[in-house]
Amino acid sequence: SGGGDAPALRVTVVGAGGMVAYSLLPMIAKGDAFGRDRRMILQCLDLNQPEVVDRMRALEMELADGNFPLLQGAFFTVDEARALQGADYAILLGAFPHQQEGAERRQGMEKNAAIFRTLGLAIDKHASRDCKVLVAGHPACTNALLCSYGSASLPRQNFFGLARLDLNRAIGLLAHRARVSVGDVRNVVVWGAAGTGPDLEHA
């Protein structure tokens, strides 16, 4: 938390017209991500497609109706330069659907490479010099690395792949198989490499 007198954080959310954003944006606006005394501006980006733009408009109205005290401003756009301008944090929610094997897997990886390198270039051009980038789209760690390649002027350690979903799934499956509560499962590790599976050696 940076305190109520600190400048408002600029938080870019890419993929803001999707269902994940519908749940995530109000949580951020409430202060669940950056603290209950840190003001923020949400800068939301998604594709220039009619149905996506309609969803963004609806979510923009819902955020306005929510009267979130910490939300200094919020806008939704299809312009990546505007969405990333001065961003202190960039949360990248989407990715091209991940395929398991063969030519489709290779094509998916190539499309993600193009998507995340392009986003990396845009972040490098428009975001804060200390912008932190969180990638959620699977395979998150690979996509975070690809994004970092496009952002040559940002420190590599500012890029993060969100592997929590993989960890939660592994814990849930292990708890189900052992017939215990998920609260009883400890020390499961997900190392981040797509397709390697969870590390259960010390679980």
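(A) Spotlight on the nonpolar core. If you look at the biggest cluster of nonpolar residues, it comprises 22 residues, and the most contacted ones within it are Leu25, Leu42, Leu63 and Phe76. Setting aside its immediate chain neighbours within four residues, Leu42 contacts Val11, Leu25, Ile28, Leu63, Leu71, Gly73, Ala74 and Phe75.

(B) Molecular detail of the packing of helix α1 (residues 19-30) against helix α2 (residues 50-66). Between α1 and α2, the shortest axis-to-axis distance is 11 Å and the interhelical angle comes to 25°. With respect to α2, the element α1 is oriented roughly parallel. α2 is crossed by α1, and the crossing has right-handed handedness. Contacts between α1 and α2 pair Ala21, Tyr22, Leu25, Pro26 and Ala29 from the former with Leu59, Glu62 and Leu63 from the latter. Class assignment of the residues belonging to the contact of α1 with α2 gives a composition of seven nonpolar, no polar and one charged.

(C) Seen up close, the pairing of strand β2 (residues 40-45). Counted residue by residue, β2 has six buried out of six residues, so it is predominantly covered. The side-chain alternation of β2 yields two buried faces, one formed by Met40, Leu42 and Cys44 and the other by Ile41, Gln43 and Leu45. For strand β1 (residues 9-14) and β2, the ladder comprises six bridges, and the chain directions are parallel. Paired with Leu9 across the two strands is Met40, which belongs to β2.

(D) Structural view of the pairing of strand β4 (residues 89-92). When β1 meets β4, the two strands line up parallel, connected through four bridges. Each residue of the ladder has a partner; that of Val13, found in β4, is Ile91.

(E) Highlighting the sheet that holds β4. Spatially, the six strands line up as an open sheet ordered β3-β2-β1-β4-β5-β6, and their pairing is parallel. Lying at the two open borders of the sheet, with one neighbouring strand each, are β3 (71-77) and β6 (159-161). Taken over all neighbouring pairs, the strand axes of this sheet differ in orientation by 15° on average, direction set aside. Summarising the sheet, β2 and β3 pair through six bridges and their orientation is parallel. Its bridge partner lying in β3, Met40 is registered against Leu71. On top of the sheet, α1 reaches β1, β2, β3 and β4; it is set at about 165° to β2, its chief contact. Contacts from α2 reach β2 and β3 within the one sheet, and its direction differs from that of β3 by about 170°.

Scoring rules and cut-offs
- Residues numbered from 1 in each chain as written.
- Predicted model: local features only at pLDDT ≥ 70, side-chain atom pairs only at ≥ 80, totals over all residues.
- Heavy atoms only, no water.
- Core = buried A, V, L, I, M, F, W, Y, C linked by side-chain atoms within 4.5 Å.
- Buried < 20%, exposed > 50% of the residue type's maximum accessible area, 1.4 Å probe, protein only.
- Contact = heavy atoms within 4.5 Å.
- Axes fitted to C-alpha atoms, helices over the stretch in contact; angles between N-to-C directions.
- Helix = DSSP H or I, 4+ residues; strand = E, 2+ residues; numbered from the N terminus.
- Parallel < 35°, antiparallel > 145°, perpendicular 65-115°, else oblique.
- Left-handed = near helix turned anticlockwise from the far one by under 90°.
- Nonpolar A, V, L, I, M, F, W, Y, C, P; charged D, E, K, R; others polar.
- Pairing = 2+ DSSP bridges.

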